[in-house]
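Here is what each chain is made of, one letter per residue.
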Amino acid sequence: MSELQFDDVTVRYGVGRAAMTAVDRVSLVVPDGEIVGVVGESGSGKSTLARAAVGLVPLHAGRILLDGAPIPRRGPRQLQMVFQDPYSSLDPRMTIGSSISEVMPSGMTRRARAAETARLLELVHLDPDKADAYPARFSGGQRQRVAIARALAGRPRVLIADEITSALDVLIQGTILNLIRELQAELGLSMLFISHNLAVVRYVASRVAVMHDGRIVEEGTTADVLGDPQDEYTRELLSAIPRPIQYTP
Ligand code: ADP
Ligand code: MG
């Protein structure tokens, strides 16, 4: 995939006196083929960072680069996002197959789209014969698998995942996290993986950035940041999680 770079990015909401800075001079690199976790409590600016990356909110300052170049806003989407709520992220009136093939590059034949849809459903461990079923037939965890297949269908250079397991039961969370690890190893995903839950981030990310009040207070390899946290806020987050955490598929 590709390298995603936030270079001194600031995002503000509102104007004048009512303006607030949600992301404050953030610099962060998601190296090619790595999962970088962003962790922090609610309101720390994680989703705003994600929205900035996919162009849903404008930058007040700074740049966001893909492989060192500005992200083209026209043509195929370079970044695909998976959201928290699997119940609102899929159109209930579309079969999951249509939802997935909708995102594929234009110019593919019907047959090629069907084959690609089947391949993607298998990749996320769903039955390819279910392509004609509607989302209502699927559980939350299965819908999140569909959402991941859909994001991959767009052949993104980087994936952004914003709290993708937060709405799921703990056991289902574990299966989705295992899928993410598997896809990372298989496809070499570059991914910005956002969660308020440090245990979840620790499980999938090779690097971690800790966000607090719109700023990154600490960043490094997961082993370094969580094994020997330098920032007081990181230590607080760490002490709040039970350990050891084990997920079983
Ligand atoms: P997180 O995802 O870490 O919970 P967000 O990026 O959603 O944090 O929010 C960061 C800050 O920006 C919060 O103070 C939040 O209230 C504020 N915020 C988020 N979205 C908007 C918006 N559309 N308009 C105004 N303020 C917003
Ligand atoms: Mg959020």
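Residues numbered from 1 in each chain as written. Chains lettered and ligands numbered in written order. Predicted model: local features only at pLDDT ≥ 70, side-chain atom pairs only at ≥ 80, totals over all residues. Heavy atoms only, no water.

## Considerations on the overall build of the protein
Broken down by element type, the protein carries 8 helices and 10 strands. Relative to the globule expectation of 18 Å for 249 residues, the C-alpha radius of gyration of the protein, 18 Å, shows essentially globular dimensions. Along the first, second and third principal axes, the C-alpha atoms of the protein reach 55 × 45 × 30 Å. Across the 249 residues of the protein, 49% fall into the buried class. Put simply, of all contacts in the protein between residues at least 6 apart along the chain, 68% involve residues at least 24 apart. Across the protein, the 27 positively charged side chains and the 29 negatively charged ones have centroids separated by 7 Å. (Helix = DSSP H or I, 4+ residues; strand = E, 2+ residues; numbered from the N terminus. Rg over C-alpha atoms; globule rule 2.2 N^0.38 Å. Buried < 20%, exposed > 50% of the residue type's maximum accessible area, 1.4 Å probe, protein only. Contact = heavy atoms within 4.5 Å. Lys, Arg positive; Asp, Glu negative; His and termini not counted. Charge placed at Lys NZ, Arg CZ, Asp CG, Glu CD.)

## Considerations on the packing of aromatic side chains
Counting across every chain of the model gives 0 aromatic pairs. Residue placement shows Arg181 over the ring face of Tyr203; its charged tip is 4.3 Å from the ring centre. (Phe/Tyr/Trp six-rings, centres within 6.5 Å; stacked < 30°, edge-to-face > 60°. Lys NZ or Arg CZ within 6 Å of the ring centre and 35° of its normal.)

## As for the pattern of salt bridges
In total, this model carries 10 salt bridges according to the counting rule given. Here Arg25 and Asp24 are joined by a salt bridge, their closest N and O atoms 3.4 Å apart. When its relative accessible area of 52% is taken as the criterion, Arg25 is described as exposed. What makes Asp24 buried here is its relative accessible area of 16%. With a closest N to O distance of 2.9 Å, Arg119 and Glu116 form a salt bridge. Of this pair, Arg119 and Glu116 are both found in helix α3 (residues 110-123), 3 residues apart, which corresponds to roughly one turn of the helix. Given the relative accessible area of 42%, Arg119 is considered partly exposed. (Salt bridge = Lys/Arg side-chain N within 4 Å of Asp/Glu carboxyl O.)

## With respect to the domain arrangement of the protein
Domain assignment breaks the protein into domain 1 (4-78 + 156-239) and domain 2 (93-155). A C-alpha centroid distance of 25 Å is found between domain 1 and domain 2. With 16 residues of domain 1 in contact, the opposing surface of domain 2 contributes 12 residues. Linking domain 1 with domain 2 are 2 residue pairs in polar contact (both at pLDDT 80 or more). When residues of the side of domain 1 that touches domain 2 are assigned to their parent elements, the largest contribution, 9 residues, is made by helix α5 (residues 170-187). In terms of residue class, the side of domain 1 that touches domain 2 is made up of 11 nonpolar, 1 polar and 4 charged. (Domains from an automatic or database assignment. Polar contact = N/O pair within 3.5 Å; in protein donor to acceptor, adjacent residues only side chain to side chain. Nonpolar A, V, L, I, M, F, W, Y, C, P; charged D, E, K, R; others polar.)

## Here we look at unusual backbone geometry
Of note, Arg25 is a non-glycine position whose phi angle comes to about 50°, a positive value. Relative to the elements of secondary structure, Arg25 occurs in strand β2 (residues 20-30). Phi at His125 is positive, roughly 60°, even though this residue is not glycine. Checked against the element boundaries, His125 lands in the loop between α3 and α4 (140-153).

## Overview of the site of ligand 1
Near ligand 1 the following residues occur: Tyr13, Met20, Ala22, Glu41, Ser42, Gly43, Ser44, Gly45, Lys46, Ser47, Thr48 and Arg51. At 3.1 Å from an oxygen atom of ligand 1 is found a main-chain nitrogen or oxygen belonging to Gly45. Take Thr48: an N or O atom from its side chain is 2.5 Å from an oxygen atom of ligand 1. With 4 residues, helix α1 (residues 46-53) is the largest single contributor of residues to the shell around ligand 1. Partitioning the shell around ligand 1 into residue classes produces 3 nonpolar, 6 polar and 3 charged. (Near = heavy atom within 4 Å.)

## Observations regarding the environment of Gly227
By secondary structure assignment, the location of Gly227 is in helix α7 (residues 222-227). The exposed category is assigned to Gly227, whose relative accessible area is 61%. Taking the C-alpha atoms as reference, Gly227 lies 9.6 Å from Leu238; in sequence the two are 11 residues apart.

## As for the nonpolar core
A general feature of soluble globular proteins is that nonpolar side chains tend to end up buried together. The biggest cluster of nonpolar side chains holds 50 residues, and the ones touching the most others in it are Ile100, Leu120, Ile148, Leu152, Met191 and Phe193. A per-element tally of this core places α4 first, with 7 residues. Each of domain 1 (4-78 + 156-239) and domain 2 (93-155) contributes no fewer than three residues to this core. Other than its neighbours up to four places away in sequence, Ile148 contacts Val82, Val124, Ile176, Leu179, Ile180 and Leu183. By size, the runner-up hydrophobic cluster in this structure holds 27 residues, among which are Leu4, Val23, Val38 and Ala209. (Core = buried A, V, L, I, M, F, W, Y, C linked by side-chain atoms within 4.5 Å.)

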